[in-house]
Amino acid sequence: MKQDNNKIKILISGGGTGGHIFPALSIANAMRRRLPDCEILFVGALGRMEMERVPAAGYRIEGLPVAGFDRKRLWRNFGVLLKLWKSMRKARRIVADFAPDAAVGVGGYASGPVLKEAQKRGIPTLIQEQNSYAGVTNKLLAPHATAICTAYEGMERFFPADRITLTGNPVRKELTQCSLTQAEAKKSLGFDPERPLIFVTGGSLGARTVNDAVAAMLPRFRQRNTQLLWQTGRLYEQECMAKASGYADVKASAFIADMATAYRAADLVVARAGAGTISELQLLGKAAILIPSPNVAEDHQRRNAEALSDRGAALMLLDSDAVERLGNMALTLVNDRAKLAKLAEAAGSMAMNGSDDKIADILISLIHTDK
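Here's what I pulled together on the structure shown here. (Residues numbered from 1 in each chain as written. Predicted model: local features only at pLDDT ≥ 70, side-chain atom pairs only at ≥ 80, totals over all residues. Heavy atoms only, no water.)

### Regarding the sheet that holds strand 12 (residues 288-290)
Within a beta sheet, neighbouring strands are joined by backbone hydrogen bonds and run either parallel or antiparallel to one another. This is how it is decided: A pair of strands is treated as paired once DSSP finds two or more bridges between them. What counts as a helix is a DSSP run of H or I of at least four residues, what counts as a strand is a run of E of at least two, and both are numbered from the N terminus. Pairs of residues are marked as contacts when any of their non-hydrogen atoms sit within 4.5 Å. Throughout, an axis means a line fitted to C-alpha atoms (over the contacting stretch in the case of helices), and angles, computed between N-to-C directions, take values from 0 to 180 degrees.
Taken together, six strands build an open sheet; the order of strands is 10-9-8-11-12-13 and the sheet is parallel. Either end of the sheet is taken by a strand with one partner, and the two such strands are strand 10 (250-253) and strand 13 (315-316). Both strand 11 (residues 268-271) and strand 12 contribute to a ladder of three bridges, which runs parallel. The partner of V270 across the bridge, within strand 12, is I289. Each of strand 9 (227-231) and strand 10 is contacted by helix 8 (residues 237-244), which is oriented at about 170° to strand 10, the strand it contacts most. Packed onto the sheet, helix 12 (residues 322-333) meets strand 8 (197-201), strand 11, strand 12 and strand 13 and runs at close to 165° relative to strand 12.

Next comes the structure, spelled out in structure tokens:
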């Protein structure tokens, strides 16, 4: 499938959340390092965050009008089916016009129509599954995928075993390149470098239960020798900023651009259990309390959290218990240096380094095998 201009062309599809977008961008960046002249085109879902994040990273993106099925309000799915039909037509045109040498799917609504069309045309396809419980789109695409890259062992229950490679999840390079000491990182964020710091993040949009749990424990910060960095998410910014006002040891922000410094400063991280977040915690060796979101397909965040908690690499707190229990759990743990060190060491032992380059190696081998 040699291109007329001899350039390698890669199509990368999927998105919807940072957990899909950051691995996709990491794979693209790895391909650019290996093959500087390769041409990369992203395909995402219109209206989702990839339509902003991907161009900001310097890549072209096309959008599909695709949406997920509404499992609770079935009558709304007529419109979803119409959007799917339009997305399949547009995906057909994109694949035909771009003529990629290989297509990568990272999960999310947009990857289905694109990879399906690539598979019909005999183009090698690579699936990257971030979670310990495979997503619906990836499970549907797997029988005809050329290669499947996973972050957890035991994925043979979802995918053909002979096509699976355990690579781990790619994470943003800048997270591992922070040169600050923990004390320096705390100081740069305006915190006392001598006192313990809890970093809470519910993602770029925020998480209602996580924010409510943090708000419930705020009064205890007046009595404890502890500090808090609170990423509230854009949806809850005003509400949470108002609740944090008046607490000298609490800094709330809708979005934290420099996550590398925030992670480095933290003695304890409180977060949802998305696959990307877990991979970051593992690579950075951070102690964490994971609060799985109950609003995800197949309850996969709980399974992600259990993969760590079962190995003593994190504590898991169910969403239904978070408001009542987070304060006591977090404030006790952050002052237990031995327990923090044990959790951090166990998390770090699960890390898989160089995932982006491993996936790039597989992708390049698919392309050369196909030519």
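What follows continues from the structure just given.
### Details of the packing of helix 7 (residues 208-217) against helix 8
The relative placement of two packed helices comes down to the angle between their axes together with the axis-to-axis distance. Rule in force here: Each angle gets one of four labels, with under 35 degrees taken as roughly parallel, over 145 as roughly antiparallel, 65 to 115 as roughly perpendicular, and the rest as oblique.
One can describe the packing of helix 7 onto helix 8 by two numbers: an axis separation of 11 Å at closest approach and a directional angle of 10°. Viewed along their axes, helix 7 and helix 8 adopt a mutual orientation that is roughly parallel. Residues R208, N211, D212 and A215 of helix 7 form the contact with helix 8, whose own contacting residues are E239, C240 and K243.

### Focus on the side chain of T150
What counts, and what does not: Only protein chains enter the accessibility calculation, which uses a 1.4 Å probe; a residue whose area is less than 20% of its type maximum is buried, one above 50% is exposed, and one in between is partly exposed.
Along the chain, the position of T150 falls in strand 6 (residues 147-150). Take T150: its relative accessible area is 0%, and that puts it in the buried class. Contact partners of T150, with chain neighbours within four places excluded, come to E129, M155, F159, I164, T165, L166, T167 and G168.

### Remarks on the pattern of salt bridges
Let me state the cut-off plainly: A side-chain nitrogen of Lys or Arg and a carboxyl oxygen of Asp or Glu constitute a salt bridge if their distance falls within 4 Å.
Overall, the coordinates contain 18 salt bridges when judged by the stated rule. Here K186 makes a salt bridge to D267, at a shortest N to O gap of 2.8 Å. Here K186, found in helix 6 (residues 182-188), pairs with D267, found in the loop between helix 9 (259-265) and strand 11; they are 81 residues apart in sequence, far enough to count as distant. Accessibility expressed as a relative area gives 3% for K186, which makes it buried. When its relative accessible area of 8% is taken as the criterion, D267 is described as buried. Salt bridges linked by common partners bring R33, K173, D356 and D357 together as one network.

### A word on the sheet that holds strand 2 (residues 39-45)
Judged by pairing direction, the sheet is parallel, and its seven strands sit side by side in the order 3-2-1-4-5-6-7 without closing on themselves. Two strands lie at the open edges of the sheet, namely strand 3 (60-64) and strand 7 (164-166), each paired on one side alone. Averaged over all pairs of adjacent strands, the angle between their axes in this sheet comes to 20°, without regard to strand direction. Both strand 1 (residues 9-13) and strand 2 contribute to a ladder of five bridges, which runs parallel.

### Here's the deal with unusual backbone geometry
For residues other than glycine, phi is negative in most cases, and the peptide bonds are mostly trans. Not every positive phi belongs to a glycine, and A99 is a case in point at roughly 50°. Relative to the assigned elements, A99 resides in the loop between helix 3 (77-98) and strand 4 (102-105). Taking the relative accessible area as the measure of exposure, A99 reaches 30% and is therefore partly exposed.

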